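Examination of the molecular architecture
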Amino acid sequence: MRDVIVIGAGGGGPVVAAELAGRGLDVLLLEAGPRHAKPREEWTHFENDANNPLTGYLRFGPQSRDKPAWFRETPQNSFLWQLSGVGGTTQHYYGNCPRAYPGVFAGYDGADAANYDVEHRFPFGYKDLVPYYEWVEATLPVQTAAMGLKEETFFRGCETMDIPVQKTKTTLGASYRPQENAILQPGGTAGRTTDASKLTFPMATGCTFCGYCFQGCMQPARAPRNQFAKRSTDNSYVPLAITAPAVRPSAKAATLIADAFVTRVHTERRGSALTATGVTWRTGSGQEHREDAKVVVMAAGCTETPRLWLNSGLPNPNGWVGRGYTDHHFDWVIGQFDRDTDSTKGVGSSARCEFPGYGGLENVGLPPALQAFSMTLSDSGIRGRYGNGRGATGPWDGPAGRLIGPELKEVLAGGINRLLNVLVITDDDVEAQNRVVPSVLPADEHGPIAKVEFRQRQRTARTQRNREYLAKRATQLLRGAGAKRVFRIDWAPLILHVQSTMRMGLSEQNSVTTPTGESRAVRGLYIADNSALANALGGPNPTLTTQAVATRTAEHIFQTHFGGSPWVRAEAPIVSTDHRISQALGRLGL
């Protein structure tokens, strides 16, 4: 019997695995998708090779690319962008690590307290989570982003908006600042040359400004895996978990098995409590395996965790398993300039603007195919051509909607390095009608598939108010930066930054887990991915908060089930770039 089985090696699962393996527990980490152990042999920088949702190496699918991607039922005119594989969706994220706004936590009494989702606050205070933020920020590590011309252009616009520069990690008011990113600062020759022969480790360290964050990070060349610039969990927490004894003498290395799709969580009744006992998983070749454990941690993501819960027949007494499917009501406002912005170059996103109570704005650089995709995924239709009630007008140029045909060609032909993309990241209300349920479509080899029910145009008045406010602010920013034309796309649901489908909360009536991350219905069964988050965080990217909460949950597991002591306030974290981890990875041939 294992001490702990963790289901999912995405953004949250490896955090629990690394922390508990570091305390000497026997941890099994299972991942449904592939393990890209040697990305320089498996990956390219070609966009279609990476991001094609059916055949790309960064897709939601099995290890073998000869097999089709796994299917989900999603609303029309939307795109659910989540990845399988070790590292999960952090394989393609931009490393953005802002903290949640204090206003989304219990006990917040600022003057703007009523501006947030007051029905779905976190069940503890912001100050309670700060030590866990600091722990994760040191472990990854999180650093002020490396920046270039597109960030300089973004900040030029911010300077015209009558808001100050933010100088702390805690957001208390409208402000702008460099991103806090989980991307190593460039060192040595990195950032100083484009000569590939000089961008090898250790001559170059950290970010080499290659511009391919979204295709997975494998820079600098020849670097040990834990020294790759972007701190996705396949580069940070997973190496820390599988080499745990190298940095903590009493530790036990976690066991990682990829291509292992968990199909059932097992339980038994012990006294009056239904208790988790283990899991069954299925390999890509169809073999089934079962192992038991004292504790089971679900970290398969906001769509697959509730799917597994429901497919396992676990209780759902208040009906909230899978409900509250919350993304950020993204929109996309794009400026066209008559000078270079270097939009495609360097770190993908390194500047942001905060508007607590509404959400935030950030710059996003994209390679060509994704740039075109971003300008054609619209809920309005072609700009000015449909009478569907969308296509709103405002301070941007013309009606909102997708660019297509001659207009798209003209904008792209002007040079994508003369564009500046501003992503609108709205603070959304948690809404019970948005949810994951079993689809009535045919099941796949792992059981009934997930159906996502998502009502794009029926979000709350506050959520829609936030989006409109931020779209106007984004336009103001771009005008201030000197854009000669500004386009608002009115994005259809690009479903990422998903949160809250197994939410922790103050009330037993609308939450699935206790404040410690343990499910209310099954003892010894924990949730440690984005689905455990209580709300939309005010707008920031959820990865850092998920990892801070997962650290807190790991500490609780260690205390409650194994008689251990908490460590976050008592010890110093191990930085995941530690050279002892590099050496241990070398001994493993990784």
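These notes cover the structure that comes with them. (Residues numbered from 1 in each chain as written. Predicted model: local features only at pLDDT ≥ 70, side-chain atom pairs only at ≥ 80, totals over all residues. Heavy atoms only, no water.)

This part covers the packing of helix H5 (residues 149-158) against helix H10 (residues 461-481). Interaxial distance between H5 and H10 falls to 7 Å at its minimum, and their mutual angle equals 110 degrees. Looking at the two axes, H5 sits roughly perpendicular to H10. Residue-level inspection shows Thr153, Phe154, Arg156, Gly157 and Cys158 of H5 in contact with H10, the latter providing Leu477, Gly480 and Ala481. Taken together, the residues of the contact of H5 with H10 sort by class into 4 nonpolar, 3 polar and 1 charged. (Axes fitted to C-alpha atoms, helices over the stretch in contact; angles between N-to-C directions. Helix = DSSP H or I, 4+ residues; strand = E, 2+ residues; numbered from the N terminus. Parallel < 35°, antiparallel > 145°, perpendicular 65-115°, else oblique. Contact = heavy atoms within 4.5 Å. Nonpolar A, V, L, I, M, F, W, Y, C, P; charged D, E, K, R; others polar.)

In spatial order, the strands read S5-S14-S15-S16-S13-S19; together these 6 strands make up an open sheet with antiparallel pairing. Because the sheet does not close on itself, it has two edges, and the strands there are strand S5 (175-178) and strand S19 (485-488). Averaged over neighbouring strand pairs, the angle between their axes works out to 20 degrees when direction is ignored. The sheet contact formed by strand S15 (residues 359-363) and strand S16 (residues 419-426) spans 5 bridges and is antiparallel. If you follow Leu361 over to S16, its bridge partner there is Val424. (Pairing = 2+ DSSP bridges.)

So, about the pattern of salt bridges. The full count for this structure, using the stated rule, is 40 salt bridges. Residues Arg2 and Asp26 are paired through a salt bridge, measuring 3.0 Å at the closest nitrogen-oxygen approach. With Arg2 in strand S1 (residues 2-7) and Asp26 in the loop between helix H1 (13-21) and strand S2 (27-30), this pair connects stretches of sequence that are 24 residues apart. Judged by its relative accessible area of 14%, Arg2 falls in the buried class. Under the relative-accessibility criterion, Asp26 is labelled buried at 16%. (Salt bridge = Lys/Arg side-chain N within 4 Å of Asp/Glu carboxyl O. Buried < 20%, exposed > 50% of the residue type's maximum accessible area, 1.4 Å probe, protein only.)

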